[in-house]
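# Residue-level structural notes
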Amino acid sequence: MPDARLPRVSESQGSARPTTPPRERTTAIRQRLAELRGPTAVPRPLDARALAALAANPGCRRRALLDGAGVDKGALAEALGSPSAAFGQSQFAIARGNTFESRVKSDGGTELLRLLHEHTGGEAPKDAAVPDLAAAGPEGRAARTALALREATAAGGWTLLDHPMLALEVAGSPAYLEPDAVVVAPDGRWTVVEIKSFPMIDAAADPSKVGAAARQAAVYVLALERVAGLLGDTPGPADRVAHSVLLVCPKDFSNLPTASLVDVRKQLSVTRRQLARLTRIEEIADALAPGASFALDRPAPELTETVESVPAAYAPECLAACELAFHCRDRARAVDAVTALGRGLRAELGGLGGLGGLGGLGGLTSVGAVLDAARGRAGDPSDPAVAALRRAAALRAEALEGAAAGGAVCR
């Protein structure tokens, strides 16, 4: 049976291996994260949606540590006095989605295979094998999935893996991911299937929802590539795993399934690069004070101090992706952090991280006003904040010109 444990991101980049044996090191990390989470807290799994959000903001050490430790960020926000807005789907939407998924996969996945064949061609699907992926614990299920993928590839027929378990190590902490389905075609190609309950009307769906599904699916594709690499067969992982995922949705206003192939190469590239940038979780944890914990039974001042001791990277985009966003927004505004006005503005202002000590934002409370001041179209030049904005914008423009002259433009 192939080893379901995956290589660390840092190892794939050629860094030195740790002196501690991998098994002992993994055990130590898990114990440390359990201490941070609290002795009675049930860990929340790090799913593909959370990984996609983490990849979109790799500089946020706070989220990396909390997600890696399995901390309930919604409950933590409540304890900090900054309750989050409602996240996730309603129970009605979840029930509707489960009903639709069951219909798509009924009769051994006949309809699902028909939709895949309709968009990819190749050998016409007949009866598909549906292997049993049950095993003890997520590690056992990941190992069983890897074995099923190898057997299905060697069999040369259609195989439907219903809710397989994929393992991916992120910043030194294991994450177990469960896509809706993976289909193995007779030619040995593995295709991720995402089943969503939002409709496709006239063969088109809401672009924002399709984009979110593509980012989530890219995480599954990345995990599948790691499994293919562990199997060590040919072709290589990039050729074995399809970079177009099958998105299945209700057709128009009915409950009938329809599908579309979504190319996730761009999302895959971004996710791979951003996850590689994440600081290892044990390094973040080691920087905490001895005895620090995110246990919800801690006194509020102590809990706040522990949370604030972990650096965050707040941006308005966090409001739609993180339960701690309101807490982090209040702190960012309190120190006049430029990122509180958006990542796009942060890029415009080069290395200027905040305007504290310069009179705040000088009354510039919107992205447009700050950009106008930085570009010389508004604001009093004698105002220290305006002067700092224009200086940062000038430095960025100078850097871009220098990069362009050298044949590479910095974005």
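Residues numbered from 1 in each chain as written. Predicted model: local features only at pLDDT ≥ 70, side-chain atom pairs only at ≥ 80, totals over all residues. Heavy atoms only, no water.

### Some details on the overall build of the protein
Each helix and strand counted, the protein has 16 helices and seven strands in total. Among the 411 residues that make up the protein, the fraction classed as buried is 44%. Sequence-distant contacts, at least 24 apart, represent 65% of the contacts inside the protein between residues at least 6 apart. (Helix = DSSP H or I, 4+ residues; strand = E, 2+ residues; numbered from the N terminus. Buried < 20%, exposed > 50% of the residue type's maximum accessible area, 1.4 Å probe, protein only. Contact = heavy atoms within 4.5 Å.)

### Here's the deal with unusual backbone geometry
Even without being a glycine, His163 presents a positive backbone phi close to 50 degrees. On the secondary structure map, His163 appears in the loop between β1 (159–162) and β2 (166–170). The phi angle at Asp202 is positive, at roughly 55 degrees, despite the residue not being glycine. Within the element layout of this structure, Asp202 appears in the loop between β5 (190–195) and α8 (207–231).

### Things to note about the packing of helix α3 (residues 48–56) against helix α10 (residues 265–277)
Running from N to C, α3 and α10 point in directions that differ by 75 degrees, and their axes come no closer than 8 Å. If you check the angle between α3 and α10, you find them roughly perpendicular. Listed contacts from α10 to Leu51, Ala55 and Ala56 of α3 are Thr271, Gln274 and Leu275. Looking at the contact of α3 with α10, its residues break down into four nonpolar, two polar and no charged. (Axes fitted to C-alpha atoms, helices over the stretch in contact; angles between N-to-C directions. Parallel < 35°, antiparallel > 145°, perpendicular 65-115°, else oblique. Nonpolar A, V, L, I, M, F, W, Y, C, P; charged D, E, K, R; others polar.)

### Side note on helix α12 (residues 300–308)
Of all the residues in α12, the buried ones are Leu303, Thr304, Thr306 and Val307. Seen from one end, α12 has its buried residues packed into an arc of 160 degrees, which puts them on one side. Facing away from the buried side of α12 by over 90 degrees, the exposed positions are Pro301 and Glu305. Buried positions along α12 lie against α4 (61–69), α5 (73–79) and α13 (325–334). (Arc of directions from axis to C-beta.)

### What to know about the sheet that holds β1
Taken in spatial order, the five strands of this open sheet run β1-β4-β5-β6-β7, and their pairing is mixed. Two strands lie at the open edges of the sheet, namely β1 and β7 (257–263), each paired on one side alone. The average undirected angle you get between the axes of adjacent strands in this sheet is 25 degrees. Strand direction decides the pairing type here: β5 and strand β6 (residues 244–250), joined by three bridges, are parallel. The partner of Ile195 across the bridge, within β6, is Val248. Packing against the sheet, α8 makes contact with β4 (181–184), β5, β6 and β7, and its axis sits at approximately 150 degrees to β5. (Pairing = 2+ DSSP bridges.)

### Points about the packing of α8 against α10
Think of two packed helices as two axes; the pair is described by the angle between the axes and how far apart they sit. Two elements in contact, α8 and α10, have axes whose closest approach is 9 Å; the angle formed by their N-to-C orientations is 70 degrees. One element, α8, and the other, α10, form an angle in the roughly perpendicular class. Read as a crossing pair, α8 and α10 show a hand that is right-handed. On the side of α8, the interface is formed by Ala214, Arg215, Ala218, Val219, Val221, Leu222 and Glu225, while α10 contributes Gln267, Leu268, Thr271, Arg272 and Leu275. Per-class residue counts for the contact of α8 with α10 are seven nonpolar, two polar and three charged. (Left-handed = near helix turned anticlockwise from the far one by under 90°.)

### Some words on the nonpolar core
Judged by nonpolar contacts, the single largest core of 75 residues is most densely connected at Leu51, Leu65, Leu168 and Trp190. It is α8 that provides the largest number of residues to this core, a total of 13 residues. In this structure, Leu112, Leu115, Ala181 and Ala185 belong to the second largest nonpolar core, which totals 17 residues. (Core = buried A, V, L, I, M, F, W, Y, C linked by side-chain atoms within 4.5 Å.)

### Notes on the environment of Phe198
For Phe198, the position within the fold is in the loop between β5 and α8. On the basis of relative accessible area, Phe198 is assigned to the buried category, the value being 11%. Not counting chain neighbours up to four residues away, the residues in contact with Phe198 comprise Ala205, Lys209, Val210, Leu247, Cys249 and Pro250.

### Description of α10
Compared with the 18 Å implied by 1.5 Å per residue over 13 residues, the 19 Å span of α10 between its first and last C-alpha is a close match. Turning to α10, its buried residues are Leu268, Thr271, Gln274 and Leu275. Looking down the long axis of α10, one finds its buried residues gathered within 140 degrees of arc, a one-sided arrangement. Those residues of α10 that are exposed and aimed more than 90 degrees away from the buried face are Arg265, Lys266 and Arg277. (Expected span 1.5 Å × (residues − 1).)

### Comments concerning the pattern of salt bridges
According to the stated counting rule, one finds 18 salt bridges in the structure shown. In this structure, Lys73 and Asp67 form a salt bridge, with 2.6 Å as the shortest nitrogen-oxygen distance. Overall, the relative accessible area of 7% leaves Lys73 in the buried class. When its relative accessible area of 8% is taken as the criterion, Asp67 is described as buried. One salt bridge in this structure joins Arg298 and Glu302, with 2.4 Å as the shortest N-O distance. One connected set of salt bridges, linked through shared partners, spans Arg63, Asp67, Lys73 and Glu323. (Salt bridge = Lys/Arg side-chain N within 4 Å of Asp/Glu carboxyl O.)

### Here we look at the side chain of Thr159
In this structure, Thr159 sits in strand β1. In this structure, Thr159 is in contact with Ala129, Pro131, Ala152, Val182, Val183 and Val184, ignoring residues within four places of it in sequence.

### Considerations on the state of the cysteines
One pass over the full model with this rule turns up zero disulfides. Left unpaired, Cys328 is separated from the closest cysteine sulfur, that of Cys60, by 6.1 Å. (Disulfide = S-S within 2.5 Å.)

### Some remarks on the environment of Arg144
Within the fold, Arg144 resides in helix α7 (residues 137–155). Between the C-alpha atoms of Arg144 and Leu166, which are 22 residues apart in sequence, the distance is 9.7 Å.

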